[in-house]
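Report on the structure
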Amino acid sequence: MSEATHDEAHKGALGSRLNWLRAGVLGANDGIVSTAGLVVGVAGATDDRNALLTAGLAGLLAGSMSMAAGEYVSVSTQLDSEKAALATERRELSEQPEAELEELTELLEQRGLSRDVAREAAQQLTERDALKAHARVELGIDPDDLTNPWHAAWASFVSFTVGALLPLLAIVLPPSGLRLPVTVVSVLASLFATGWVSARLGSADPRHAVLRNMAGGALAMGVTYLAGVLLGATGA
C-alpha cells in the first residue's frame, strides 16, 4: 500500500470515528435538554420527589427509545440504499465491463490524474476488485464497512440515556430547596461541555456553539418551569 493510500485510509477511519463521537455528544446533549426541560417543568408544579422521579424516568425511557428507533429506521434506509447501489453497480460491471472501465477512468481523471495514469490505475483497480473500486470512487461506499443500523440505534440509546441521567439525578437527589438551582447549574455546565466538545470535533469556534447550547437549554428550562408554575397554580 502506498503512503498516500495509507494516509487516506487512516483519514477515512478517523473521520468515521469522529462522526460517531459527534453523534454521541449530540445524543447526550438531546438527553440533557429534553429531560431537564421535563423535570424542571414538573418541579414548577410540585416538589414531590416521587413525581419528579416518575416524570424523569418516563422522559428518559421515552426519549432514549425514540432516539434509538429513529436512528435505526434512518440508518436502515441508508443501508438499503447502499445495498441497492452496489447491486446496480455489480450488474453493470457484469453486463458492460468496458463502459464501466471507461467510467472509472474518467472519474480518476476528474480527481487530477492524467488520462494515461488514470487508465492504468483504473485497469489495476478493476483487476484487483472491480466492485470495490467503483463503490469507493463512484459511489463513496466501502463495501467492507456498510452502515449498521443496530450500532447506530444502540449508540443513540446509550448517549441519550447518559445525558438524561444528569438532570434526573440533579432534581431528585438534593434537598427540596436546592433541587432547582442544582439542576439548573448542572445542566448549564453540562451544556457548556457538550457544546465545546461538539465544536472542537467539528473544528469550529467553541464560543458560538457553547453560547447557543447554553441559551437553548436555559430557554427550554425557563419555558417549561413557567408552564409548570402556571399549571400548579391553577391546580391542573
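Before any of the text, the structure's been laid out above.
The sections below set out a description of the structure shown in this document. (Residues numbered from 1 in each chain as written. Predicted model: local features only at pLDDT ≥ 70, side-chain atom pairs only at ≥ 80, totals over all residues. Heavy atoms only, no water.)

**Let's talk about the nonpolar core**
The condition is simple: To qualify as a nonpolar core, a set must consist of buried Ala, Val, Leu, Ile, Met, Phe, Trp, Tyr and Cys residues joined through side-chain atoms within 4.5 Å. Partly exposed describes any residue whose relative accessible area lies between the buried limit of under 20% and the exposed limit of over 50%, with all areas from a 1.4 Å probe on protein chains only and scaled to the type maximum. Runs of E in the DSSP output that reach at least two residues are strands. Runs of H or I that reach at least four are helices, and both are numbered from the N terminus. We call two residues in contact whenever any of their non-hydrogen atoms come within 4.5 Å of each other.
Residues Leu52, Ile171, Val172, Val187 and Met221 are the most contacted members of the largest nonpolar core, which totals 16 residues. Residue assignment for this core shows that the elements contributing at least two residues are helix 1 (3–45), helix 2 (49–95), helix 5 (149–172) and helix 6 (179–201). Contacts of valine 187, omitting those with residues within four sequence positions, involve Ile32, Ala36, Leu166, Pro167 and Met221.

**Side note on the pattern of salt bridges**
Put simply, the rule reads: Here, a salt bridge means any side-chain nitrogen of Lys or Arg that lies within 4 Å of a carboxyl oxygen of Asp or Glu.
A complete count under the given rule lists six salt bridges for this structure. Glutamate 102 serves as the salt-bridge partner of arginine 119, at 3.0 Å between the closest nitrogen and oxygen. Linking arginine 119 in helix 4 (residues 115–139) with glutamate 102 in helix 3 (residues 97–110), this pair joins segments that are 17 residues apart in sequence. Residue glutamate 102 is classed as partly exposed on the basis of its relative accessible area, which comes to 24%.

**Re a nonpolar patch on the surface**
This is how it is decided: Only residues whose relative accessible area exceeds 30% and that form no salt bridge are eligible for patches; like-charged ones are grouped when within 9 Å, while nonpolar side chains (Val, Leu, Ile, Met, Phe, Trp, Tyr) are grouped when within 5 Å. For the area figures, the Shrake-Rupley method with a 1.4 Å probe applies, and any residue is considered shielded solely by the protein chains shown.
A cluster of nonpolar residues, Tyr72, Val73, Trp150, Trp154, Val158 and Val162, forms a patch on the protein surface that exposes about 650 Å² of accessible area. Every element with two or more residues in the nonpolar patch is listed here: helix 2 and helix 5. Take the nonpolar patch: its biggest share by element is four residues, from helix 5. Positionally, tryptophan 154 belongs in helix 5. Owing to a relative accessible area of 55%, tryptophan 154 belongs among the exposed residues under this scheme.

So yeah, pure geometry; function would need other evidence.
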